[in-house]
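Chain by chain, the residues run as shown.
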Amino acid sequence: MTASLAQQFGSDVISIRQRFSDVRATTMRITRWLSPEDHMLQSMPDASPAKWHLAHTTWFFETFILQPHSPGYAPFDSRYKYLFNSYYKQLGSHPYRGSRGLLSRPSLNEVHAYRAHVDAALLKLLDHASPDVLELVELGLNHEQQHQELILTDIKHGLWSGPLRPDPLDGLRPNPAASRVTWMEIDGGIHRVGHEGAGFAFDNESPRHEVLLQPFRIASRPVTNAEYLEFMQDDGYRRPELWLSDGWDAICAQAWRAPLYWEQQEDGSWRQFALNGTFEVGMKLVNPAEPVCHISYYEADAYARWCGARLPSEEEWEVAAVRMPSHGTLLEDNVFHPQPARGEGSQQIFGDVWEWTASPYTAYPGFRPACGAVGEYNGKFMCNQLVLRGGSCVTPASHIRASYRNFFPPHARWQFSGLRLAR
Ligand SMILES: [Fe+2]
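Residues numbered from 1 in each chain as written. Predicted model: local features only at pLDDT ≥ 70, side-chain atom pairs only at ≥ 80, totals over all residues. Heavy atoms only, no water.

A.B. asks: So what exactly am I meant to see when it comes to the sheet that holds strand E11 (residues 417-418) here?
C.D. replies: Where strands meet in a sheet, backbone hydrogen bonds hold them as pairs that are either parallel or antiparallel. Spatially, four strands are ordered E10-E9-E8-E11 in an open sheet, and the strand pairing comes out mixed. Looking at the sheet topology across the chains shown, the edges are occupied by strand E10 (406-408) and E11. Pairing between strand E8 (residues 354-360) and E11: two bridges, direction parallel. Its bridge partner lying in E11, Trp354 is registered against Ser417. (Pairing = 2+ DSSP bridges. Helix = DSSP H or I, 4+ residues; strand = E, 2+ residues; numbered from the N terminus.)

A.B. asks: Any chance you could explain the coordination of the iron ion here in plain terms?
C.D. replies: When a metal carries six donors in an octahedron, the ideal angles between them are 90 or 180 degrees, while four donors in a tetrahedron ideally lie at 109.5 degrees. Summarising the metal site, the iron ion is bound by the protein donors His56 (NE2), His143 (NE2) and His147 (NE2), whose distances to it range over 2.2 to 2.3 Å. Ordering the donors of the iron ion by residue number gives the pattern H-x86-H-x3-H. With His56 in helix H3 (residues 50-69) and His143 in helix H6 (residues 131-161), the pair connects residues that are 87 residues apart, well separated along the chain. As far as the burial class goes, His56 and His143 line up, both buried. (Donors = N, O, S within 2.8 Å, 3.2 Å for Na, K, Ca; no water. Buried < 20%, exposed > 50% of the residue type's maximum accessible area, 1.4 Å probe, protein only.)

A.B. asks: I would appreciate a short explanation of the packing of aromatic side chains in the present structure.
C.D. replies: The description of an aromatic ring pair rests on the distance of the ring centres and on the angle between the ring planes. Going through the model one piece at a time under the given rule, you end up with 37 aromatic pairs. Note on Phe20 and Phe61: the rings are 5.2 Å apart at their centroids and 80 degrees apart in plane angle, and the pair reads as edge-to-face. Remark: Phe61 occurs in helix H3 and Phe20 occurs in helix H2 (residues 16-29); sequence separation between them is 41 residues. Aromatic pair Trp160 and Tyr261: ring centres 5.1 Å apart, planes at 85 degrees, arrangement edge-to-face. Placement of Trp160 in helix H6 and of Tyr261 in the loop between helix H8 (245-254) and strand E5 (262-264) is noted, with a sequence separation of 101 residues between them. Take Trp160: its relative accessible area is 22%, and that puts it in the partly exposed class. Given the relative accessible area of 1%, Tyr261 is considered buried. Just above the ring of Trp183 sits the side chain of Arg217; from NZ or CZ to the centre is 5.3 Å. When the ring centre of Tyr364 is taken as origin, the NZ or CZ atom of Arg405, which lies over that ring, is 4.0 Å away. (Phe/Tyr/Trp six-rings, centres within 6.5 Å; stacked < 30°, edge-to-face > 60°. Lys NZ or Arg CZ within 6 Å of the ring centre and 35° of its normal.)

A.B. asks: What should I look at first to understand the nonpolar core in this one?
C.D. replies: Across soluble globular proteins, nonpolar side chains show a tendency to be buried alongside one another. In this structure, Ile65, Phe84, Phe231, Met232 and Leu419 are the most contacted members of the largest nonpolar core, which totals 93 residues. With nine residues, H3 is the single largest residue contributor to this core. Apart from residues lying up to four places away in sequence, Phe84 is in contact with Trp52, Ala55, His56, Trp59, Leu103, Pro106 and Tyr114. With twelve residues, the next largest nonpolar core counts Ile151, Val353, Cys393 and Val394 among its residues. (Core = buried A, V, L, I, M, F, W, Y, C linked by side-chain atoms within 4.5 Å. Contact = heavy atoms within 4.5 Å.)

A.B. asks: I'm lost on the packing of H3 against H6 in this one. Help?
C.D. replies: Packed helices, taken two at a time, are described by the angle their axes make and the gap between the axes. As a packed pair, H3 and H6 sit with axes 9 Å apart at the nearest point and diverge in direction by 170 degrees. Relative to H6, the element H3 is oriented roughly antiparallel. Every residue of H6 that contacts H3 at Trp52, His53, His56, Thr57, Phe60, Phe61, Phe64, Ile65 and His69 is listed here: Val133, Leu136, Val137, Leu139, Gly140, Leu141, His143, Glu144, His147, Leu150, Ile151 and Asp154. Residue classes in the contact of H3 with H6 are distributed as twelve nonpolar, seven polar and two charged. (Axes fitted to C-alpha atoms, helices over the stretch in contact; angles between N-to-C directions. Parallel < 35°, antiparallel > 145°, perpendicular 65-115°, else oblique. Nonpolar A, V, L, I, M, F, W, Y, C, P; charged D, E, K, R; others polar.)

A.B. asks: Would you mind going over the packing of H3 against helix H5 (residues 108-126) with me for this structure?
C.D. replies: Two numbers describe how H3 lies on H5: the axes approach to 9 Å, and their chain directions differ by 30 degrees. In terms of their interaxial angle, H3 and H5 are classed as roughly parallel. Helix-helix and strand crossings are classified by hand; for H3 and H5 the assignment is left-handed. Contact residues: Lys51, Leu54, Ala55, Thr57, Thr58, Trp59, Phe61, Glu62, Ile65, Leu66 and His69 in H3; Leu108, Val111, His112, Tyr114, Arg115, Val118, Ala121, Leu122 and Leu125 in H5. (Left-handed = near helix turned anticlockwise from the far one by under 90°.)

Everything listed here is a matter of geometry and, on its own, says nothing about what the molecule does.
Quick look at the structure:
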């Protein structure tokens, strides 16, 4: 099962023209609530301003498709080639990532006009595009969907980082209780993982290959806030025997005592900063039934050790996901916050929270990146990062599948990241 969730759950296969328009419109929809000042926020080098995301996703279509494949295409502004390059060294230099928040110019209106210019040219090109160009358009759309998720994770961090304390948040849907966790038993032996079939996948999901797995058990849903609170109340953040060396150093240096965005009230209760389905942000009570979210790999690993379990490898996760293709909360649900697994023993694997795995992000046997600058997309990051699987409440449904490999360094917490246990 490597097709996207949209295909798995029966959505019509839509034309690339329609898909292009839909994806570009979704990016506009999830940024329309932001003021021009909000669009410039960059709270840390890892997070980028929404305005930069709007321009950079457009730059991707202009640079990799229109300029090489659309004869006579006139760039919107020749300076943007440098300005909105993220990290493609083969294309020349680019601004320092941490100074994207200095982009007061071009204005937001100019960036919107840049998008319209590229949209019109790209739609025109689609009338007579070759299969190779259509493949690049699909890559550009998947690239933009990755940035849709980043827009929401980055602005959440930016709005939380301001000096004014966030207001209480109303309007989140009431949560049902979480289902009881059950354990899926999977036989040991040779299994196959990686992308297969005709649907889109990134290069890092291939080649499909065999792996030898020992028999294992994997939880039916991610760890909840209630379960994580037990770890906190058992002094989990103060017991060095539970932590990797780098993790212990991180929690001491950063004074971490809870997931990112959690704050303890005077009465001992915990609140967390959240985004809701009507694009409001603020503090809400931590709901015990929701999956724990915004934790680092170090915290996920320490929690698993505390309860006598472990994180699954990415191969174990994928083999399990093929057997429980349950559809949780994704971007289209317009909730923008992880929701509890529902129903007794119900399975929850795609959506809600990305799940840290124990696997380092490395190349599959026989991996070959694409030729040229576009080959810098994934392969060059295969060092010092861990794989996360499953997508989150801000991942588009047509963008996630069992073979999808996300990756972040172990200290990262601003993504919608949680964990699932294995034994
Ligand atoms: Fe990008």
